[in-house]
Amino acid sequence: MARLASFAGALALLFASAPAAALEPAENVEVYGYAQLWVTLLEQMETARGLYQHPSGDEATDTTTGFSIHRARLGLRLAAPGVPLRLAVQVKLERSFELLDLSVRWAPRPWFELEVGQFKVPGTFEALTDNRELDFIARSQITTSLADYSLSRSAHTASLLYGSASNLRDLGLALRGAMPLGGLAELRLFGMLGNGLGANLFFGGATNKGYFITNGPQLFAGGRLEAGDRRGIVVLGVHAGRNQHDNIVFNSGRAVYDLSRRAASGDLRLSVPGTGLRAWGLYGQGEISDDFNGDGRPDLRYSGWAASALWDLVPALAALGLTPPYTRAIELGFRFDTYGSEIDESGVEVRRSDYTVGLNYRFEEHLKLQLNYVIRRTEDPSFPDLADDALIANLQGAF
């Protein structure tokens, strides 16, 4: 709470320093925030079926309905006047206070930018899309897996890294750039060297004890290359990453780990100007070869793909003179998302496929309502396909 109070105080001081009549910060300062409230209208939970309270014999309910705070974020972007430097900070408030972004970017030219700090790692375009702008309530399964499993998360429940979540971010150094391809197209590059552990996890010995206390001269290396026209009609992107750390020591000083991971993805985005129609598809795969259990086999192989189509009804309604006031978008969407994984070359692949029907309503730029119905199908030779479909609403407010 002390850190949260300090951050809030800094924001208050920032606003107080601006002219009172303007009631907003200077042009080189941007303060933003958003919150997302989930309403689980109905979610099937067949895993609870057959569970009884003893000794009363009361049977557990096998559905879920309720409210939850999904995300609450505050951020600050500060540009130095007359100098190509920018500071970016973003914090996470839901569940626990946590630093997400903290970086300084030096951009003397559009084709040459250096950034140092904590920020999102290269991945699919969906991973790099801000949470406020997602087409569906949750990202596709392969998108989040590529980030977590490329960094430190383990597939083995006995590992101390099993619960490690990256928040799609790592601490390191990045090179970015955008170069014209003729008059209408552009090539964009994003390369990064980082710890390879995830957000707020670092290496440090006795001087500054970190999540791991030893590490040789090895780093996570990832990159993304993207080409497309400047109007965003067609955009093609690819990404690859490699994370290698040998014989690193956990902060207990008693456990030795290896990290050996690789991942790659490709994605394509299409839009039809003036119609409100757009579509995208992505594919990714990766492997964890840490050999945590010493059996000489890859710990995890995974792959997945997703495809979606969305139609914004506002252009069509505008043509008919029926545009609702203050409405920026009314989108109907569908996404197919499938993800498969195999542990220790067992020959058994577990695959989950989600079919999502969505409705997005944007009221000006501050309010957004999303409604998703998700049909989940799981193929697992060891277990039956349980009923776990969900109808979820997301109400987002932003400033």
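Placed above this text is the structure.
Calculation rules
- Residues numbered from 1 in each chain as written.
- Predicted model: local features only at pLDDT ≥ 70, side-chain atom pairs only at ≥ 80, totals over all residues.
- Heavy atoms only, no water.
- 1 Å grid on protein atoms, 1.4 Å probe; cavity = no way out; pocket = protein on both sides within 12 Å on 5 of 7 lines; lining within 4 Å.
- Points joined across faces, edges and corners; volume = space filled by probe spheres on them.
- Helix = DSSP H or I, 4+ residues; strand = E, 2+ residues; numbered from the N terminus.
- Nonpolar A, V, L, I, M, F, W, Y, C, P; charged D, E, K, R; others polar.
- Buried < 20%, exposed > 50% of the residue type's maximum accessible area, 1.4 Å probe, protein only.
- Contact = heavy atoms within 4.5 Å.
- Pairing = 2+ DSSP bridges.
- Polar contact = N/O pair within 3.5 Å; in protein donor to acceptor, adjacent residues only side chain to side chain.
- Salt bridge = Lys/Arg side-chain N within 4 Å of Asp/Glu carboxyl O.
- Core = buried A, V, L, I, M, F, W, Y, C linked by side-chain atoms within 4.5 Å.
- Phe/Tyr/Trp six-rings, centres within 6.5 Å; stacked < 30°, edge-to-face > 60°.
- Lys NZ or Arg CZ within 6 Å of the ring centre and 35° of its normal.

Trainee: Please clarify how the layout of surface pockets should be interpreted in this entry.
Mentor: Where empty space is left can be seen by rolling a probe of water-molecule size over the atoms. Of the pockets and cavities examined, the largest pocket occupies roughly 1400 Å³. Forming the boundary of the largest pocket are 45 residues, of which Arg-139, Gln-141, Thr-144, Asp-148 and Arg-153 lie nearest the centre. No other element matches strand β13 (residues 327-343), which puts six residues into the lining of the largest pocket. Grouping the constituent residues of the lining of the largest pocket by class yields 15 nonpolar, twelve polar and 18 charged. Lining the second largest pocket we find 32 residues, and of these Arg-86, Arg-105, Lys-120, Leu-128 and Arg-176 sit closest to its centre. A per-class count over the lining of the second largest pocket returns 13 nonpolar, five polar and 14 charged.

Trainee: Looking at this structure, I do not really get the side chain of Thr-338. What am I missing?
Mentor: Relative to the helices and strands, Thr-338 is located in strand β13. On the basis of relative accessible area, Thr-338 is assigned to the buried category, the value being 4%. With near-sequence residues (within four places) excluded, Thr-338 lies in contact with Gln-141, Ser-303, Gly-304, Trp-305, Arg-351, Arg-352 and Ser-353.

Trainee: Could you clarify how one ought to interpret the pairing of strand β12 (residues 300-312) in this entry?
Mentor: Along a regular strand, successive side chains alternate from one face of the sheet to the other. Pairing of strand β11 (residues 277-288) with β12 involves twelve bridges; the strand directions are antiparallel. Bridge pairing in β12 links Gly-286 to Tyr-302. Of the pairings in the sheet, the one linking β12 to β13 comprises 13 bridges and is antiparallel in character. Residue pairing in the sheet places Ala-306 in a bridge with Asp-337 of β13.

Trainee: How should unusual backbone geometry be read in this particular structure?
Mentor: Backbone geometry follows two general trends: most residues other than glycine have a negative phi, and most peptide bonds adopt the trans configuration. Backbone torsion omega between His-54 and Pro-55 reads 5 degrees, so that peptide bond is classified as cis. You can see Pro-55 is positioned in the loop between β1 (29-44) and β2 (63-79). Even without being a glycine, Leu-168 presents a positive backbone phi close to 65 degrees. Mapped onto the elements of the fold, Leu-168 is located in the loop between α3 (141-150) and β6 (169-181). Here Leu-168 falls in the buried class, since its relative accessible area comes to 10%.

Trainee: In this structure, what is going on with the environment of Arg-176? I would like to understand it.
Mentor: Its location among the elements puts Arg-176 in strand β6. Looking at Arg-176, the relative accessible area reads 18%, which means it is buried. Between the C-alpha atom of Arg-176 and that of Gly-296, which follows or precedes it by 120 residues, the distance is 38 Å. The contacts of Arg-176, once residues within four sequence positions are left out, are Arg-105, Trp-111, Phe-112, Glu-113, Glu-115, Phe-119, Leu-189 and Phe-190. Only 2.8 Å separates the side chain of Arg-176 from the side chain of Glu-115, close enough to count as a polar contact.

Trainee: Quick question: what am I supposed to make of the pattern of salt bridges here?
Mentor: It is possible for side chains of opposite charge to pair when their charged atoms get near one another. What the rule picks out here adds up to 28 salt bridges. Between Asp-130 and Arg-132 there is a salt bridge whose closest N-O contact spans 2.8 Å. Residue Asp-130 is classed as partly exposed on the basis of its relative accessible area, which comes to 22%. Overall, Arg-132 belongs to the buried group, its relative accessible area being 16%. A salt bridge links Glu-133 to Arg-362, with the shortest nitrogen-to-oxygen separation between them at 3.4 Å. Here the residue Glu-133 occupies a position in the loop between α2 (125-128) and α3, and Arg-362 occupies one in strand β14 (residues 350-363), the gap between them amounting to 229 residues. Salt bridges here are not isolated pairs; linked through shared partners, they connect Glu-186, Arg-188, Arg-224, Glu-226, Asp-267 and Arg-269.

Trainee: So what exactly am I meant to see when it comes to the environment of Gly-281 here?
Mentor: As for its position among the elements, Gly-281 is in strand β11. In this structure, the C-alpha to C-alpha distance between Gly-281 and Glu-226, residues 55 residues apart in sequence, is 14 Å. Non-local contacts of Gly-281, meaning those with residues more than four positions away in its chain, are made with Gly-266, Asp-267, Leu-268, Ala-306 and Ala-307.

Trainee: Explanation requested: the pairing of β13 in the structure shown.
Mentor: Most of β13 is tucked away, with twelve of its 17 residues classed as buried. In this structure, β13 lies alongside β14, joined through 14 bridges in antiparallel fashion. Along β14, the bridge assignment pairs Ile-330 with Tyr-361. Here β13 hands over to β14 after six residues, with Asp-344 in that stretch at a positive phi of 55 degrees.

Trainee: I would appreciate a short explanation of α3 in the present structure.
Mentor: Think of an α-helix as turning once every 3.6 residues; residues three or four places apart then point the same way. Burial within α3 is extensive, with nine of its ten residues counted as buried. The complete set of buried residues in α3 reads Gln-141, Ile-142, Thr-143, Ser-145, Leu-146, Ala-147, Asp-148, Tyr-149 and Ser-150.

Trainee: Can you walk me through the nonpolar core in this structure?
Mentor: As a rule of thumb, nonpolar side chains are buried together in soluble globular proteins. Counting 15 residues, the largest nonpolar core has Ile-142, Tyr-149, Trp-280, Leu-282, Leu-300 and Tyr-302 as its most contacted members. Elements represented by at least two residues in this core include exactly α3, β11 and β12. In terms of residue count, β12 provides more of this core than any other element does, four residues in total. With residues near it in sequence (within four places) discarded, Leu-282 still touches Thr-124, Phe-125, Glu-126, Ser-140, Ile-142, Thr-143, Gly-266, Asp-267, Gly-304, Trp-305 and Ala-306.

Trainee: Please explain the packing of aromatic side chains as it appears in this structure.
Mentor: Inspection of every chain in the model, using the stated rule, returns 15 aromatic pairs. Every member of this aromatic cluster is reached through a ring pair, and the members are Phe-203, Tyr-211, Phe-212, Phe-250, Tyr-257 and Phe-292. Over the ring of Phe-119 we find Arg-176, and its NZ or CZ is 5.6 Å from the ring centre. One cation-aromatic arrangement involves Arg-176 over Phe-190; the distance from NZ or CZ to the ring centre is 4.0 Å.

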